[in-house]
Amino acid sequence: MKHELPKLPYEINALEPFISAETLEFHYWKHHKTYVDNLNNLIIWTEFENISLEEIIKKAPAWWIFNNSAQVWNHSFYFLWLTSNSIKIPKKKTLELINRDFGNFENFKETFNKSAIWNFGSGWTWLVLNWDWKLEIINTSNAWTILTLAEKKPLLTCDVWEHAYYIDYRNARVKYLENFWNVVNWERIESLVLNK
Ligand code: MN
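Residues numbered from 1 in each chain as written. Predicted model: local features only at pLDDT ≥ 70, side-chain atom pairs only at ≥ 80, totals over all residues. Heavy atoms only, no water.

Colleague: Which residues make up the packing of helix α1 (residues 21-42) against helix α3 (residues 64-80), and what values do they have?
Modeller: Contact geometry for α1 and α3: axes closest at 9 Å, N-to-C directions at 140°. For α1 against α3, the interelement crossing comes out left-handed. Residues L24, H27, Y28, H32, Y35, V36, N38, L39 and L42 of α1 pack against W64, I65, N68, S69, Q71, V72, H75, S76, Y78 and F79 of α3. (Axes fitted to C-alpha atoms, helices over the stretch in contact; angles between N-to-C directions. Helix = DSSP H or I, 4+ residues; strand = E, 2+ residues; numbered from the N terminus. Left-handed = near helix turned anticlockwise from the far one by under 90°. Contact = heavy atoms within 4.5 Å.)

Shown next as structure tokens:
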């Protein structure tokens, strides 16, 4: 089974000025695509050859096949949850949960950004909905993913590997995080919350 690079639901320059076309060229066409290509090469003649991406991530030992498959999944989650037409504030049900668990939307963003800044080295910062409907912000390192945690449903992720922001923001991860909120697809998040 061949894994495919998912098509971006927007043009390569659609997220400007917050995420440049140059960043997306590298991040999507080089990094994301390379993970997909690596995975396709690594699974040939292995027990992982004919199972889904999600099954590979759950079964593969934590090394090359795991790293590449989890990075394919994480990047798809990241890219497909961004939009050039962000409504910039969460929709009804999502906002209700954010207000309940973080006080208000501003405080939520601040808490998320702080967590992302403290995510040491390379990794991902996630907003997840727990089985008991509580929202939680979680950091994972390197390729580690939320997918393997069955009781946690991911709603949003921010890639904090340097390759996600270095072209546009150099070392200023904090600036990248501030601007990230301009391109979040809250409609998509709301539909995940409503379909929990
Ligand atoms: Mn990345």
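Resuming the write-up.
Colleague: Would you mind going over the packing of aromatic side chains in detail, with residue names and values included?
Modeller: In the structure shown here, the tally under the stated rule is 25 aromatic pairs. A ring pair is formed by F66 and W144, whose centres lie 4.5 Å apart and whose planes are at 40°; its orientation type is tilted. Taken together, the residues span a long stretch of sequence, with F66 in helix α3 and W144 in the loop between β2 (135-141) and β3 (152-159) at a distance of 78 residues. Of the residues examined, W144 reaches a relative accessible area of 42% and is grouped as partly exposed. Centre to centre, the rings of Y176 and F180 are 6.5 Å apart; their planes meet at 50°, and the pair counts as tilted. Remark: F180 and Y176 occur in helix α7 (residues 173-180); sequence separation between them is 4 residues, near one turn of the helix. Neither Y176 nor F180 differs from the other in exposure class; each is buried. Directly above the aromatic system of W81 lies the positively charged group of R188, at a separation of 4.0 Å from the ring centroid. (Phe/Tyr/Trp six-rings, centres within 6.5 Å; stacked < 30°, edge-to-face > 60°. Buried < 20%, exposed > 50% of the residue type's maximum accessible area, 1.4 Å probe, protein only. Lys NZ or Arg CZ within 6 Å of the ring centre and 35° of its normal.)

Colleague: With reference to specific residues and values, describe the packing of helix α4 (residues 92-102) against helix α8 (residues 186-194).
Modeller: Relative orientation of the contacting elements α4 and α8 amounts to 80°, with a least axis distance of 8 Å. Classified by the angle their axes make, α4 and α8 are roughly perpendicular. Packed against α4, whose contacting residues are K92, K93, T94, L97 and I98, the element α8 presents W186, I189, E190, V193 and L194 at the interface. When the residues that make up the contact of α4 with α8 are grouped by side-chain class, the tally is 6 nonpolar, 1 polar and 3 charged. (Parallel < 35°, antiparallel > 145°, perpendicular 65-115°, else oblique. Nonpolar A, V, L, I, M, F, W, Y, C, P; charged D, E, K, R; others polar.)

Colleague: Tell me about the nonpolar core, and please be specific about residues and values.
Modeller: F108 and F180 are the most contacted members of the largest nonpolar core, which has 64 residues in total. Ranked by residue count, the leading element in this core is α3, at 9 residues. When residues of this core are assigned to domains, at least three map to each of domain 1 (21-80) and domain 2 (92-194). Those residues within four positions of F108 in sequence are excluded, and the remaining contacts are I98, F102, L127, I137, W181 and W186. (Core = buried A, V, L, I, M, F, W, Y, C linked by side-chain atoms within 4.5 Å. Domains from an automatic or database assignment.)

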